[in-house]
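Observations on the three-dimensional arrangement
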Amino acid sequence: MIKLTFCLHRLPHLSPAQFHDYWLNSHGPLVRSHAAALGICRYVQTHAIESPFNAGLRQSRQAPEPFDGIAELWWQDAAAFERAMSAPAARAAGKILLADEQTFIDLPRSPIWLNHEHTIVST
């Protein structure tokens, strides 16, 4: 499997609640509607939660400000990703998703990269 990880910061004019609602209830279904064109086999949203432990965790590690969430998309392998990204339907879907992302994600502050998972613990 190959995975795309996208660590999201919301646009400054959106509250956390507005960001999470839009991402889950508008952008999520939009991604689902283009999943076949993109060739993805899995899409997961991880939404940040408010917790009294967050500040302590960041402080103990001198960590930067948290992300508002993480989007993860999976393809069967690198070849499947490359095939999908070279297909006209995937490029068209990518343009639609990017246009939507620009309405709620602070893209210049949101890192994105391809990666492989290595499971260390699984119960």
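See the structure printed just above.
Attention here is on the structure that accompanies the text.

**Quick word on the pattern of salt bridges**
Under the criterion given, the structure shown has 5 salt bridges. With a shortest N-O distance of 2.7 Å, Lys3 and Glu72 are connected by a salt bridge. Within this pair, whereas Lys3 is found in strand β1 (residues 2-8), its partner Glu72 is found in strand β3 (residues 69-75), the two being separated by 69 residues in sequence. By relative accessible area, Lys3 is classed as buried at 7%. A residue is classified by how much of its surface remains accessible, and Glu72, at 15% relative accessible area, is buried. A salt bridge links Asp106 to Arg109; the shortest N-O distance between them is 3.3 Å. Relative accessible area serves as the criterion here: at 13%, Asp106 is assigned to the buried category. In the salt-bridge network here, residues are joined through shared partners; they are Lys3, Glu72 and Glu117.

**Here's the deal with the packing of helix α4 (residues 78-86) against helix α5 (residues 88-101)**
Contact geometry for α4 and α5: axes closest at 5 Å, N-to-C directions at 75 degrees. Looking at the two axes, α4 sits roughly perpendicular to α5. Here Ala84, Met85 and Ser86 of α4 lie close against α5, whose contacting residues are Pro88, Ala90 and Arg91.

**As for the side chain of Asn115**
Summarising the element assignment, Asn115 is placed in strand β4 (residues 112-115). Overall, Asn115 belongs to the buried group, its relative accessible area being 15%. A distance of 2.9 Å separates a polar atom in the side chain of Asn115 from a polar atom in the side chain of Thr5. Among residues more than four places away in sequence, those in contact with Asn115 are Ile2, Lys3, Leu4 and Thr5.

**Some remarks on the packing of aromatic side chains**
Within a pair of aromatic rings, the relevant descriptors are the distance that separates the centres and the angle that separates the planes. Under the criterion given, the structure shown has 4 aromatic pairs. Measuring from centroid to centroid gives 5.7 Å for Phe19 and Phe104, while their planes differ by 45 degrees, and the two rings are tilted. Of this pair, Phe19 sits in helix α1 (residues 16-33) while Phe104 sits in the loop between α5 and β4, and the two are 85 residues apart along the sequence. Taking the relative accessible area as the measure of exposure, Phe19 reaches 0% and is therefore buried.

About the thresholds
- Residues numbered from 1 in each chain as written.
- Predicted model: local features only at pLDDT ≥ 70, side-chain atom pairs only at ≥ 80, totals over all residues.
- Heavy atoms only, no water.
- Salt bridge = Lys/Arg side-chain N within 4 Å of Asp/Glu carboxyl O.
- Helix = DSSP H or I, 4+ residues; strand = E, 2+ residues; numbered from the N terminus.
- Buried < 20%, exposed > 50% of the residue type's maximum accessible area, 1.4 Å probe, protein only.
- Axes fitted to C-alpha atoms, helices over the stretch in contact; angles between N-to-C directions.
- Parallel < 35°, antiparallel > 145°, perpendicular 65-115°, else oblique.
- Contact = heavy atoms within 4.5 Å.
- Polar contact = N/O pair within 3.5 Å; in protein donor to acceptor, adjacent residues only side chain to side chain.
- Phe/Tyr/Trp six-rings, centres within 6.5 Å; stacked < 30°, edge-to-face > 60°.

Fair warning: the whole summary comes from geometry, so function is off the table for now.
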